[in-house]
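Coordinate analysis (summary)
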Number of protein chains: 2
Amino acid sequence: MIKARIVVTLKNGVLDPQGKAIEGALGTLGFEGVSGVRQGKVFDVEVDGTDRAKAEGDLKAMCEKLLANTVIENYAIELV
Amino acid sequence: MIKARIVVTLKNGVLDPQGKAIEGALGTLGFEGVSGVRQGKVFDVEVDGTDRAKAEGDLKAMCEKLLANTVIENYAIELV
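Residues numbered from 1 in each chain as written. Chains lettered and ligands numbered in written order. Predicted model: local features only at pLDDT ≥ 70, side-chain atom pairs only at ≥ 80, totals over all residues. Heavy atoms only, no water.

In the nomenclature of an unreviewed UniProt entry, chain A is known as Phosphoribosylformylglycinamidine synthase subunit PurS of Aureimonas flava. The UniProt entry for chain A carries this comment under Subunit (unreviewed entry): "Part of the FGAM synthase complex composed of 1 PurL, 1 PurQ and 2 PurS subunits." Regarding chain A, the relevant UniProt record gives this comment under Pathway (unreviewed entry): "Purine metabolism; IMP biosynthesis via de novo pathway; 5-amino-1-(5-phospho-D-ribosyl)imidazole from N(2)-formyl-N(1)-(5-phospho-D-ribosyl)glycinamide: step 1/2." (UniProt positions renumbered as here; feature names shortened; annotations may be inferred.)

Here the focus is the confidence of the model for chain A. Averaged over all residues, the pLDDT of chain A is 96; the fraction at 70 or higher stands at 100%. Looking over chain A, one finds the lowest element-wise mean pLDDT in helix α2 (residues 52-67) of chain A, namely 96, and the highest in strand β3 (residues 73-79) of chain A, namely 98. (pLDDT = per-residue confidence, 0-100. Helix = DSSP H or I, 4+ residues; strand = E, 2+ residues; numbered from the N terminus.)

A word on the interface of chain A and chain B. One widely used convention gives an interface's size as the accessible area the parts lose upon coming together. Each partner contributes to the interface: chain A provides 31 residues, whereas chain B provides 31 residues. In total, about 2600 Å² of surface goes out of reach between chain A and chain B, with carbon and sulfur atoms giving 66% of it. Across the contact surface, chain A and chain B share 0 salt bridges. Counting the contacts that link chain A with chain B gives 8 residue pairs in polar contact (both at pLDDT 80 or more). Breaking the side of chain A that touches chain B down by element, the ones donating at least two residues are β1 (2-10), α1 (17-28), β2 (34-47) and α2 of chain A. Ranked by the residues each element gives to the side of chain A that touches chain B, the list is headed by β2 of chain A, at 14 residues. Along the lines of polarity and charge, the residues of the side of chain A that touches chain B split into 17 nonpolar, 6 polar and 8 charged. Looking at chain direction, β2 of chain A and strand β2 (residues 34-47) of chain B are connected through 11 bridges and run antiparallel. (Contact = heavy atoms within 4.5 Å. Buried area = accessible area lost by both parts, 1.4 Å probe. Salt bridge = Lys/Arg side-chain N within 4 Å of Asp/Glu carboxyl O. Polar contact = N/O pair within 3.5 Å; in protein donor to acceptor, adjacent residues only side chain to side chain. Nonpolar A, V, L, I, M, F, W, Y, C, P; charged D, E, K, R; others polar. Pairing = 2+ DSSP bridges.)

On to the packing of α1 of chain A against helix α2 (residues 52-67) of chain B. Interaxial distance between α1 of chain A and α2 of chain B falls to 11 Å at its minimum, and their mutual angle equals 105 degrees. In terms of their interaxial angle, α1 of chain A and α2 of chain B are classed as roughly perpendicular. Here Ile-22, Ala-25 and Leu-26 of chain A of α1 of chain A lie close against α2 of chain B, whose contacting residues are Met-62, Leu-66 and Leu-67 of chain B. Of the residues contributing to the contact of α1 of chain A with α2 of chain B, the split by class is 6 nonpolar, no polar and no charged. (Axes fitted to C-alpha atoms, helices over the stretch in contact; angles between N-to-C directions. Parallel < 35°, antiparallel > 145°, perpendicular 65-115°, else oblique.)

Screw-axis analysis of chain A against chain B gives a translation of 0.0 Å along the axis, an RMSD of 0.0 Å, and a rotation angle of 180 degrees. The superposition operator between the copies reduces to a two-fold rotation axis. Of the C-alpha atoms belonging to chain A, the one lying closest to the rotation axis is found on Lys-41 of chain A, 2.3 Å away. (Least-squares fit on C-alpha atoms with pLDDT ≥ 70 in both.)

Written as structure tokens, this is what we have:
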């Protein structure tokens, strides 16, 4: 079994109102000097088998088809 | 300026219906042998200053107070 972590983040230039809201909330809580907050998603996945190259290919296909919206999001796959 | 990435994941034993739904959807799309899907959140944050120890302390406080629900979630802070 192969474990993987997929991190999906918004592309540069794509507005992130959720991140802005968090930034504002952190300011309200008294944390100063915080900027550029961007929120993304992380998926921990387990894939059967031991072929890491095949697993990486499958995970890439999963990102393209379901996990990430590649118009506005980047993804990074990391095998653990 | 210090950049950091915070990863918030559900603790072991906490049910993750969203992860289960993704797992089901991946199966429907024809990806076999995928299990244990867990979804979490990632925050990219920029903190003013150059004191990495202070930044790490501040980020930890942000997680405890706002970014993670420590009853059901773990967080990991990584300075970039």
